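Take a look at the letters that make up each chain.
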Amino acid sequence: MTVYTLPAELTVYTVNDTYQHLVDTLTTASDIVIIEAHAVDEIDGCGIQLLTYFASQCQEKNTNFQCDNPSESLKEAAKLLNVSTILFPLDEGIEA
Amino acid sequence: MNLLDTFLEEAEEHLCAMEAALLELEDNDVSDEIINTVFRAMHTIKGSAGMVGLDHVSYFTHHIESFLDAVRAHRIVYQSDMVSVLIEAKDHIETLIHGQPSNELMAISEQIIAKVQTWHIDTTEVVTTAESQAQPSTDDGYWELQFTPHSDTFTDGFDVIPIVRELSELGECVISSRHQFGKAEKETFNPTHNYMTFTVLMDGSIDEDSIMSAFMFVEDEWQIDLGFHSLDEDVRLGDILVSMGATSESTIEKTLATKPKTGELLAEQGIVTKQEVNQALEQQNFVEAKQAQSGKKQANVKVSADKLDKLLDLVGELVIVQSAVNQHAESSNDLYLTNIGEELSRLTTEIRDTTFGIRMLPVGSTFARYRRLIRDLSQSLDKKVQLVTEGADTEVDKMVLESLNDPLVHLLRNSMDHGIESPEARVEAGKSETGTIRLEASHRNGKVSIVIKDDGAGLNTQKIKEKALKNGLIHQDDMLSDHDIHQLIFAPGFSTASRVSDVSGRGVGMDVVKTSIENMQGKLVLHSEEGKGTSTEILLPLTLAIIDGLMVEVADEIFIIPLSAIEECVEINQEKSRRDDGALLVKTRGELVPAVSLRRHFSIQGNTPPFPQCVIVNSTENRFGIMVDSVIGQHQTVIKSLGKLYHNIRGLMGSTILGNGDVAMIIDTAQLFEDVIMPTQEQSFMETNYADEN
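Source: prediction; values computed, not measured.

### Some remarks on the sheet that holds strand β5 (residues 64–68) of chain A
Residues and elements named next belong to chain A. The three strands lie next to each other as β1-β3-β5, forming an open sheet whose pairing is parallel. On the outer flanks of this sheet lie β1 (2–5) and β5, each paired with one strand and no other. Adjacent strand axes in the sheet meet at a mean angle of 20 degrees, parallel and antiparallel pairs treated alike. Pairing between strand β3 (residues 32–36) and β5: five bridges, direction parallel. Note that in β5 the partner of I34 across the bridge is Q66. Packing of helix α2 (residues 45–60) onto the sheet brings it into contact with β3 and β5, and relative to β5 it is tilted by some 145 degrees.

### A short note on the pairing of strand β8 (residues 435–444) of chain B
Residue and element names in this part refer to chain B. Relative to β8, strand β6 (residues 385–390) is paired through six bridges, and the arrangement is parallel. In the strand pairing of β8, E390 is matched with E440. Pairing of β8 with strand β9 (residues 447–454) involves eight bridges; the strand directions are antiparallel. Residue pairing in the sheet places H443 in a bridge with V448 of β9.

### Remarks on the interface of chain B and chain A
How big an interface is tends to be stated in terms of accessible area lost as the parts join. Facing the 26 residues of chain B at the interface are 24 residues of chain A. Roughly 2,100 Å² of surface becomes buried between chain B and chain A when both sides are summed, with 60% attributable to carbon and sulfur atoms. Looking only at chain B, the three residues that lose the most surface to chain A are I161, K186 and P191 of chain B, adding up to 28% of its buried area. Where chain B meets chain A, there are one salt bridge. Salt-bridge contacts for R165 of chain B lead to E76 of chain A; the nearest nitrogen and oxygen are separated by 3.1 Å. There are six residue pairs in polar contact (both at pLDDT 80 or more) connecting chain B and chain A. When contributions to the side of chain B that touches chain A are tallied by element, the ones reaching two or more residues are α6 (161–170), β2 (173–179), β3 (196–203) and α12 (274–293) of chain B. Grouping the constituent residues of the side of chain B that touches chain A by class yields 11 nonpolar, 11 polar and four charged.

### Considering the packing of aromatic side chains
Considering all chains together, one arrives at 12 aromatic pairs over all chains under this definition. Summarising the aromatic geometry, the rings of Y19 of chain A and Y53 of chain A are spaced 6.1 Å apart at their centres and angled 55 degrees between planes, so their arrangement reads as tilted. Of this pair, Y19 of chain A sits in helix α1 (residues 15–28) while Y53 of chain A sits in helix α2, and the two are 34 residues apart along the sequence. Y53 of chain A shares its class with Y19 of chain A; the two are buried. Each ring, one from F147 of chain B and one from F198 of chain B, has its centre 5.0 Å from the other, and the planes form 15 degrees; the classification is stacked.

### Observations regarding helix α3 (residues 72–80) of chain A
An α-helical turn contains 3.6 residues, so any two residues separated by three or four positions project in the same direction. If you check which residues of α3 of chain A are buried, you get L74, K75, A77, A78 and L80 of chain A. Packing partners of the buried residues in α3 of chain A comprise β4 (42–43), α2, β5 and α4 (84–87) of chain A together with α6 and β2 of chain B.

### So, a nonpolar patch on the surface
All names here are of chain B. Together, F158, M216 and F217 give the surface a local cluster of nonpolar side chains, amounting to about 350 Å² of exposed area. Within the secondary structure layout, F217 lies in the loop between α8 (208–213) and β4 (223–230). A residue is classified by how much of its surface remains accessible, and F217, at 66% relative accessible area, is exposed.

### Describing the side chain of N194 of chain B
Mapped onto the elements of the fold, N194 of chain B is located in the loop between α7 (183–187) and β3. Relative accessible area serves as the criterion here: at 8%, N194 of chain B is assigned to the buried category. A polar side-chain atom of N194 of chain B sits 2.9 Å from the main-chain carbonyl oxygen of P149 of chain B. If we ignore the near neighbours within four places in the chain, the residues touching N194 of chain B are Q49 of chain A together with T148, P149, H150, S151, T153 and F154 of chain B.

### Structural notes on the nonpolar core
Ranked by size, the top nonpolar core spans 57 residues in total, and within it I48 and L74 of chain A together with F147, L167 and F215 of chain B carry the most contacts. At eight residues, the largest contribution of residues to this core is made by α2 of chain A. When sequence neighbours within four positions are dropped, the list of residues in contact with L167 of chain B reads L145, F147, C173, V200, M202, I211, A214 and F215 of chain B. Counting residues in hydrophobic clusters, the runner-up holds 42 residues, among them V400, L412, I437 and V448 of chain B.

### Some thoughts on the pattern of salt bridges
All names here are of chain B. Tallying each qualifying case throughout the model produces 26 salt bridges over all chains. Where E94 meets K90, a salt bridge forms, and the shortest distance between an N and an O atom there is 3.1 Å. With a gap of four residues between them, E94 and K90 both fall in helix α4 (residues 82–98), about one helical turn apart. Classification of E94 by relative accessible area gives partly exposed; the value is 24%. For K90, a relative accessible area of 5% puts it in the buried group. The partner of R623 in a salt bridge is E591, and the shortest N-O contact between them spans 3.1 Å.

Criteria and cut-off values
- Residues numbered from 1 in each chain as written.
- Chains lettered and ligands numbered in written order.
- Predicted model: local features only at pLDDT ≥ 70, side-chain atom pairs only at ≥ 80, totals over all residues.
- Heavy atoms only, no water.
- Pairing = 2+ DSSP bridges.
- Helix = DSSP H or I, 4+ residues; strand = E, 2+ residues; numbered from the N terminus.
- Axes fitted to C-alpha atoms, helices over the stretch in contact; angles between N-to-C directions.
- Contact = heavy atoms within 4.5 Å.
- Buried area = accessible area lost by both parts, 1.4 Å probe.
- Salt bridge = Lys/Arg side-chain N within 4 Å of Asp/Glu carboxyl O.
- Polar contact = N/O pair within 3.5 Å; in protein donor to acceptor, adjacent residues only side chain to side chain.
- Nonpolar A, V, L, I, M, F, W, Y, C, P; charged D, E, K, R; others polar.
- Phe/Tyr/Trp six-rings, centres within 6.5 Å; stacked < 30°, edge-to-face > 60°.
- Buried < 20%, exposed > 50% of the residue type's maximum accessible area, 1.4 Å probe, protein only.
- Patch = residues over 30% accessible without salt bridge, like charges linked within 9 Å, V, L, I, M, F, W, Y side chains within 5 Å.
- Areas by Shrake-Rupley, 256 points an atom, 1.4 Å probe, with all protein chains shown as cover.
- Core = buried A, V, L, I, M, F, W, Y, C linked by side-chain atoms within 4.5 Å.

Set out below in structure tokens:
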């Protein structure tokens, strides 16, 4: 189990760094990657896109993806773009 | 019913709806809703015609549909003179669907297509400027918005979240996002580039401008497609997935060929993700919910009229059996059987009422054709006339409604031809240039009332009187009121028209109208005031199949008299009632009323009891009595038509089967009056004896 904590800002200005961390996390991950998302305070479409991309990468590598404790900002953005079931599959799409 | 028959039936319905909408368009301001109705009708006919192989219909409707599509999308500015061409197109489709394709018909098709294409060419430029104001904005459909932000949108400082939020705040919508993370994209993935594309289904009532204003700053860079869909269109999951770009049509077809559940299969086979299927299902649910809300997907079942007639026949038989059971239960004093009989009565009444309900149709379903009639006659007679309809929701048995068409057409033609004056004559008479014909339907005292009222010249009493004298219908010294004189227009062959037109005036009309209304056990009431107009009221029973009747007896014969015609029953002292010529008069409530003896009329053997009963009826405003031996009581009567052998027997409108299996004849009061009372009324009653009310 590998855990990565998302930063407070997940926008076009920070996605490159976060992307690199996520790639590293997936490279070292065994069976499950847990993304700790409580700290996400600011997120834009670019940030959401990164998370959905990462979820699809995990699926491709047969690694379970789990996004824990999503912040309100993240939940609202995911709901707006209708990607809650991708990012929070265990919660069947968390209500924002 | 084969596919072609089904097509023809449905096409007729669509053409009817189309005509009604076009006439409404002609009378009122243009509305998107009406244009959409016309478009939908054309769209459906085109699709169905193609399915049944009527390519010539499909070809023609395709062109008209394209034109209508341009009008509803405001690519062509609506002009009032379009209606006439569209009505012409509607009539042509009617000819096309019923006839064989021919060079002549194709030539007409091309002529009409050429007419609509003139607008296409003329107005395209004009519309470009008006296009930004275009908005179907209707509850009859929904918007499908597809947009793909530019690859550099995030680095350019734009974001999708505020735009999606703004869209979601406009009204009910379903948002689906798709991420294009193909193999190539994954290898060169740049987190700051956009790989997302969105599909948003939105409520049709949302304003188009409001939707587009969300993209105000990005519309030049982003790929944005906004389309309006009618709720008539089916929403299939496969189509949505194709439209989302998740898969192709050919893949869907291949998958469908193996198993029916598209979504699961596509996800199982890894063609689309579960997320995509869920999003597509959300879209499908959105549209289906809209369709359900607008009533488009009501579970309606089409049943042939023959089957409904058969059902009503069976209900009639059931009523007879129920009557037999009740009669047996009463005579047997069996409490258990009586209880069952009562329960059977309750159920039978419920089944009867439900069956009648199924057969009831709103009168308004025929109003459109009258509107068209008035429109065409206004043009051919060069008169200005508006038809005002009221009570379109009034329901009436379909058999009654079908029989009502010819009389109504005749009365409306008469109003147009003889009632409403020319615009000049109206102005001279101090009236508005445009005449009004009102067609009103309502339920009154358990009957259907249809009133045709015009504000025209009214009947010319003097002219009718002169004509009646000339024809020998009346004598110079007859004391007749204006109202009585007006009723003479119902005499066979009567017409005061100085000219015979193709509209009316042949003198073969009003008596036929009256007869056909009376054949339906109806009444025709005419009122006219010279210079002010004429009003004709048709009163009809709600149904023709089962009536409430009064069971009466003469010797051992049972007769039924329709209850709707009966005023009262009185006991008569028959000693004073006989007359050598068979004519009778009875005195009731201080008034002398002519009467007919059923015993005498039908040559029934035996003697009349000393105190027979006289049933006073009111047939087409004429009171007269029907003398019988005794009155048995009320009876729910299932009308069975008489065979050909009995067609010549006057005074009978049908028969019915009684609870004990006996057959009873149903009296036609109007015919009795005409055959027995009217001839004797022409003789003087002054010297006759009369029967006293006992």
